[in-house]
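Residues per chain, in single letters:
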Amino acid sequence: MHVCHKAQPGFPSGSDVCLLGSIPSTLCSVLNNKMPEEMDKPLISHRLVDSDGSLAEASNEAPKVGILGSGDFARSLATRLVGSGFSVVVGSRNPKRMVGLFPSAAQVTFQAEAIDSPEVIFVATFREHYSSLCGLSDQLAGKILVDVSNPTEQEHLQHRESNAEYLASLFPTCTVVKAFNVISAWTLQRGPRDGNRQVPICSDQPEAKRVVSELAHTMGFMPMDMGPLASAREVEAMPLHLLPSWKVPTILALWLFLFFYAYNFIRDVLQPYVQEGKNKFYKLPLSVVNTTLPCVAYVLLSLVYLPGTLAATLQLWRGTKYRRFPDWLDHWLQHRKQIGLLSFFCAALHAIYSVCLPVRVSYRYDLVNLAIKQVLTNKSHLWVEENVWRMEIYLSLGVLALGTLSLLAVTSLPSIANSLNWREFSFFQSTLGFVALVLSTLHTLTYGWTRAFEESRYKFYLPPTFTLTLLVPCVVILAKILFFLPCLRHRLSKIRRGWEKDSAVKFTLPMDHALTQKTSHV
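Okay, so let's go over this structure. Note that the structure is predicted; figures quoted are calculated from it, not measured.

Cut-offs and rules
- Residues numbered from 1 in each chain as written.
- Predicted model: local features only at pLDDT ≥ 70, side-chain atom pairs only at ≥ 80, totals over all residues.
- Heavy atoms only, no water.
- Axes fitted to C-alpha atoms, helices over the stretch in contact; angles between N-to-C directions.
- Helix = DSSP H or I, 4+ residues; strand = E, 2+ residues; numbered from the N terminus.
- Parallel < 35°, antiparallel > 145°, perpendicular 65-115°, else oblique.
- Contact = heavy atoms within 4.5 Å.
- Nonpolar A, V, L, I, M, F, W, Y, C, P; charged D, E, K, R; others polar.
- Expected span 1.5 Å × (residues − 1).
- Buried < 20%, exposed > 50% of the residue type's maximum accessible area, 1.4 Å probe, protein only.
- Patch = residues over 30% accessible without salt bridge, like charges linked within 9 Å, V, L, I, M, F, W, Y side chains within 5 Å.
- Areas by Shrake-Rupley, 256 points an atom, 1.4 Å probe, with all protein chains shown as cover.
- Salt bridge = Lys/Arg side-chain N within 4 Å of Asp/Glu carboxyl O.
- Pairing = 2+ DSSP bridges.

Side note on the packing of helix H13 (residues 287–318) against helix H22 (residues 486–496)
- The N-to-C vectors of H13 and H22 enclose an angle of 85 degrees; their axes lie 10 Å apart at closest approach. Classified by the angle between their axes, H13 and H22 sit roughly perpendicular to one another. Facing H13, whose interface residues are Ala312, Gln315 and Leu316, H22 presents Leu488, Arg491, Leu492, Ile495 and Arg496.
- Split by residue class, the contact of H13 with H22 holds 5 nonpolar, 1 polar and 2 charged.

In structure tokens:
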């Protein structure tokens, strides 16, 4: 193994803590004295802005931080550090060419000069360029190196050790900290309000982690301790994941869409063509899609509340809450938010598609044909009171259901959810969610009306699509109603407050048991 370190006689093996003792007191004092309310300060401090809007020179008293690298991430990092009140020195192989790309408050110089005075140095270069820094090993001794690099998927599978561990092996006299690799250049430029605030940090040296954590806090981010440097491989894998929590819900929604689309195609397009010789394939791009989307949205919404019903049933059956749910149910419960948002997405698309229906040319032809038919049959007035009322109620319930789903979607956003207390969040996600499911069920029943009992609706002996979508929601609603019965509600409340069926300990609910149920969610 190649090590970028010259032998130093008398260098103690356990001197990591001593290496950190050389951190300037100005850096520690500034980091420790930052107030919490300064986390959300603007990206560029007003005291660092010239009259022409450019960044001014930083004060000589500002704590100094070094950056090795002059790429896009290094420039964004320098901008954020300058805006947070730090004095930034950037080390580049060609400083004259790069100086115009960095804020005027940042000093751009050669790498050897950039690492001379800062004790915290960001290494913003790719893994293959680490060896080019070996000539600086003597100057880097005792300093904190913050590795911000990320491997590609191929590199992550190819190398057994992380980039940070590889950097630590090249510079054993330095303390390597893995941090800021999950923060994008856009977030650094625009500030943490417009991106992810969490910064996973790992290192074998607790004091170095504390210094980098306070630096991240000063920049407006939320440091998250991930343990020793061995966790760097896990941290570096985080940016490689593409929406991991959305994979299963998206596949579920896609399969439901394909099933209902094929089912509607057989009923609305294939059956008229086979049995009546009518060509209705023009319905495939819009009409069949619009019939499929509410089915998917409705079933997905019911699947949001079905696992909670199953979990409550298991707790009642077992008589305790201290036994783990099956893995499939546990994962299902964790994906409810994503399933609910996909349900809202499909419902919103259904509303947009429905607005587009009257714009179709085929719709205009149908109106003309209906008018001609009315003239030929000498019918001067077409008005079916029942159908008029049914459609009015059907549309009204649909609008109410979509509006309620919109509230659920908005309150599930982290920025909104974090501003709600538990009772408020539970009201929106649980109570209003159940109301949305009931409104959607009434919307579907009003659409179906008496069609489920008409023989002509069973094309190829297949029942109408809405009858299939009603199965799961009706089960959920029925189970919810059963759980409202005093006998089951009282027993479930005791179980969730720690009572066990086989326990010898006597348990009595408080007198105001309804209030307890609303405020206690252990």
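Back to the text.
A few points about helix H3 (residues 72–83)
- Taking 1.5 Å as the rise per residue, H3 with 12 residues should run 16 Å; its terminal C-alpha atoms sit 17 Å apart, in good agreement.
- In terms of burial, H3 is a largely internal element, 10 of the 12 residues being buried.
- Buried within H3 are the following residues: Phe73, Ala74, Ser76, Leu77, Ala78, Thr79, Arg80, Leu81, Val82 and Gly83.
- Against strand E1 (64–68), strand E2 (87–92), strand E4 (120–123), helix H9 (185–190) and helix H10 (206–218) lie the buried residues of H3.
- Among the residues trailing H3, Gly85 stands out with phi positive, at a value near 100 degrees.

A few points about helix H15 (residues 336–356)
- Its 21 residues place the ends of H15 31 Å apart at the C-alpha level, agreeing with the 30 Å of an ideal helix rising 1.5 Å per residue.
- Along H15, the residues classified as buried are Gln338, Ile339, Gly340, Leu341, Leu342, Ser343, Cys346, Ala347 and His350.
- Its buried side turned inward, H15 meets helix H12 (247–276), H13, helix H14 (327–334) and helix H17 (385–411).

Observations regarding a nonpolar patch on the surface
- A grouping of Ile251, Leu254, Trp255 and Leu258 is seen on the molecular surface, where their side chains present a nonpolar patch of about 440 Å² in accessible area.
- Assignment of secondary structure puts Trp255 in helix H12.
- Residue class for Trp255 comes out exposed when judged on its relative accessible area of 60%.

With respect to the sheet that holds E1
- The 6 strands are arranged E3-E2-E1-E4-E5-E6 in an open sheet whose pairing can be described as parallel. The open sheet has two free edges, formed respectively by strand E3 (107–110) and strand E6 (175–178), since each of these has just one partner strand. Neighbour-to-neighbour, the strand axes of the sheet open up by a mean angle of 25 degrees, direction not taken into account.
- In this structure, E4 lies alongside strand E5 (residues 144–147), joined through 4 bridges in parallel fashion. The partner of Ile121 across the bridge, within E5, is Leu145.
- Strands E1, E2 and E4 of the sheet are contacted by H3, whose axis makes an angle of about 175 degrees with E1.
- Most of the contacts of helix H8 (residues 163–170) go to E6, to which it runs at about 170 degrees, and overall it touches E4, E5 and E6.

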